Amino acid sequence: MQIHSLFSIPVIQLEFSKHLEYSFSDFPKKNKIPNGWECSVYSSWPNIRPDDEFIDYNVVESLKNDLKKEINYAFYDLKIPTKWYFSDFWYNYYYDNQGQEEHDHIPGVGYPLYYWSGIYFHTMNNTRVTNFSNPLPLYSTHQYPGCREGKISDSHFKYWTPNIKDGDIILFPPYLKHTVPPSGNSEKIRFTFSFNLSL
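These figures come from a predicted structure and were not determined experimentally.

J.: Can you help me understand the layout of surface pockets in this one?
T.: The method is simple in principle: a probe with the dimensions of a water molecule rolls over the atoms, and the space it marks as empty is what remains. Empty space within the largest pocket amounts to approximately 890 Å³. Every element with two or more residues in the lining of the largest pocket is listed here: β6 (131-133) and β7 (159-160). Its residues placed into classes, the lining of the largest pocket shows 15 nonpolar, seven polar and three charged. Taken as a whole, the second largest pocket encloses approximately 460 Å³ of empty space. Together, 27 residues line the second largest pocket, and W37, W45, H103, D104 and H105 are the ones closest to its centre. Elements represented by at least two residues in the lining of the second largest pocket include exactly β3 (85-94), β4 (100-103), β9 (178-180) and β10 (190-198). For the lining of the second largest pocket, the residue count by class is 11 nonpolar, 12 polar and four charged.

J.: Even after reading the chapter, I still don't get the pairing of β3, so can you show me in this structure?
T.: In regular strands, side chains alternate between the two faces of the sheet. Within β3, eight of the 10 residues are buried, which leaves it mostly tucked inside the rest of the structure. With two bridges connecting them, strand β2 (residues 42-43) and β3 associate as antiparallel partners. By the bridge assignment for β3, Y42 is matched with Y93. In this sheet, β10 lies alongside β3 in antiparallel orientation, the contact comprising nine bridges.

J.: Would you take a moment to explain the nonpolar core for this structure?
T.: F75, F89, L171, F191, F193 and F195 are the most contacted members of the largest nonpolar core, which has 32 residues in total. Put simply, the parts of the chain that give this core at least two residues each are β1 (12-15), α1 (57-77), β3, β5 (116-123), β8 (168-172) and β10. Looking at this core element by element, the count peaks at six residues for α1. If sequence neighbours within four positions are ignored, F191 has contacts with F24, F27, I55, Y91, N92, Y93, Y120, F121, H122 and T123. I119, F121, F132 and I164 belong to the second largest nonpolar core, which has nine residues in total.

J.: What am I meant to see in unusual backbone geometry here?
T.: It is generally the case that most residues other than glycine have a negative phi and that most peptide bonds are trans. Following W45, the chain continues to P46 via a peptide bond in cis, the omega torsion being 5°. Topologically, P46 is positioned in the loop between β2 and α1. Unlike most non-glycine residues, F7 shows phi in positive territory, near 50°. Note that F7 resides in the segment before β1.

J.: It is not clear to me how α1 should be interpreted in this structure. Could you clarify?
T.: An α-helix turns once every 3.6 residues. As a result, residues three or four positions apart point the same way. Look at α1: 30 Å from first C-alpha to last across 21 residues, which is about the 30 Å you get at 1.5 Å a residue. Those residues of α1 that are buried are in contact with β1, β3, β5, β8 and β10. With a side-chain oxygen lying 2.8 Å from the backbone nitrogen of N58, the N-terminal cap of α1 falls on D56. Just downstream of α1, K79 is the residue with a positive phi angle, here 60°.

J.: Teacher, can you tell me more about the packing of aromatic side chains here?
T.: In this description, an aromatic ring pair is defined by two values, namely the gap between the centres and the angle between the planes. Under the criterion given, the structure shown has 22 aromatic pairs. Aromatic pair F24 and F191: ring centres 5.5 Å apart, planes at 80°, arrangement edge-to-face. Taken together, the residues F24 in the loop between β1 and β2 and F191 in strand β10 connect sequence positions 167 residues apart. The residue whose ring lies beneath K68 is W84, and the NZ or CZ to ring-centre distance is 4.9 Å.

Analysis parameters
- Residues numbered from 1 in each chain as written.
- Predicted model: local features only at pLDDT ≥ 70, side-chain atom pairs only at ≥ 80, totals over all residues.
- Heavy atoms only, no water.
- 1 Å grid on protein atoms, 1.4 Å probe; cavity = no way out; pocket = protein on both sides within 12 Å on 5 of 7 lines; lining within 4 Å.
- Points joined across faces, edges and corners; volume = space filled by probe spheres on them.
- Helix = DSSP H or I, 4+ residues; strand = E, 2+ residues; numbered from the N terminus.
- Nonpolar A, V, L, I, M, F, W, Y, C, P; charged D, E, K, R; others polar.
- Buried < 20%, exposed > 50% of the residue type's maximum accessible area, 1.4 Å probe, protein only.
- Pairing = 2+ DSSP bridges.
- Core = buried A, V, L, I, M, F, W, Y, C linked by side-chain atoms within 4.5 Å.
- Contact = heavy atoms within 4.5 Å.
- Expected span 1.5 Å × (residues − 1).
- Polar contact = N/O pair within 3.5 Å; in protein donor to acceptor, adjacent residues only side chain to side chain.
- Phe/Tyr/Trp six-rings, centres within 6.5 Å; stacked < 30°, edge-to-face > 60°.
- Lys NZ or Arg CZ within 6 Å of the ring centre and 35° of its normal.

Spelled out as structure tokens, the structure:
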């Protein structure tokens, strides 16, 4: 018997080797919600501005350079082209009961498609991580009792949640929808940098 996993979706997870070189002070708990978002979060989307009130822009540029080197090590190993740039680079800061609605990173009409998207998980504090959604809307039509326990169980899940720790990077196709469930602990914060890459 053979099982063929057709049209697999690549998600790359790696550790950022310079993670401990980057520390940031806590942000105050408040909202800064970009237009069109339906969530509670403090975000600098679509880019961190040179006059950002919390992060020095020289640190941002250094972080981007180090992340690019780390990502390119993985791309080179996977034979993925390494001539790309950050089209967008922003942070999201979440406190209790803050999260993000399901979304993808497909740009608006008239804009070129992104190459890859990614998240650098700087501070997780054991809070909930990103949930990725099954992109096949009809996946549930062939479900049956016990379908999530067999050898093809991964084809029946609606969501996939990676096992993430501080300093991890996740790279994924821009079309892959994902969400951030709100955390219920006021003492826990979740601080991430998100980005889109263009060739």
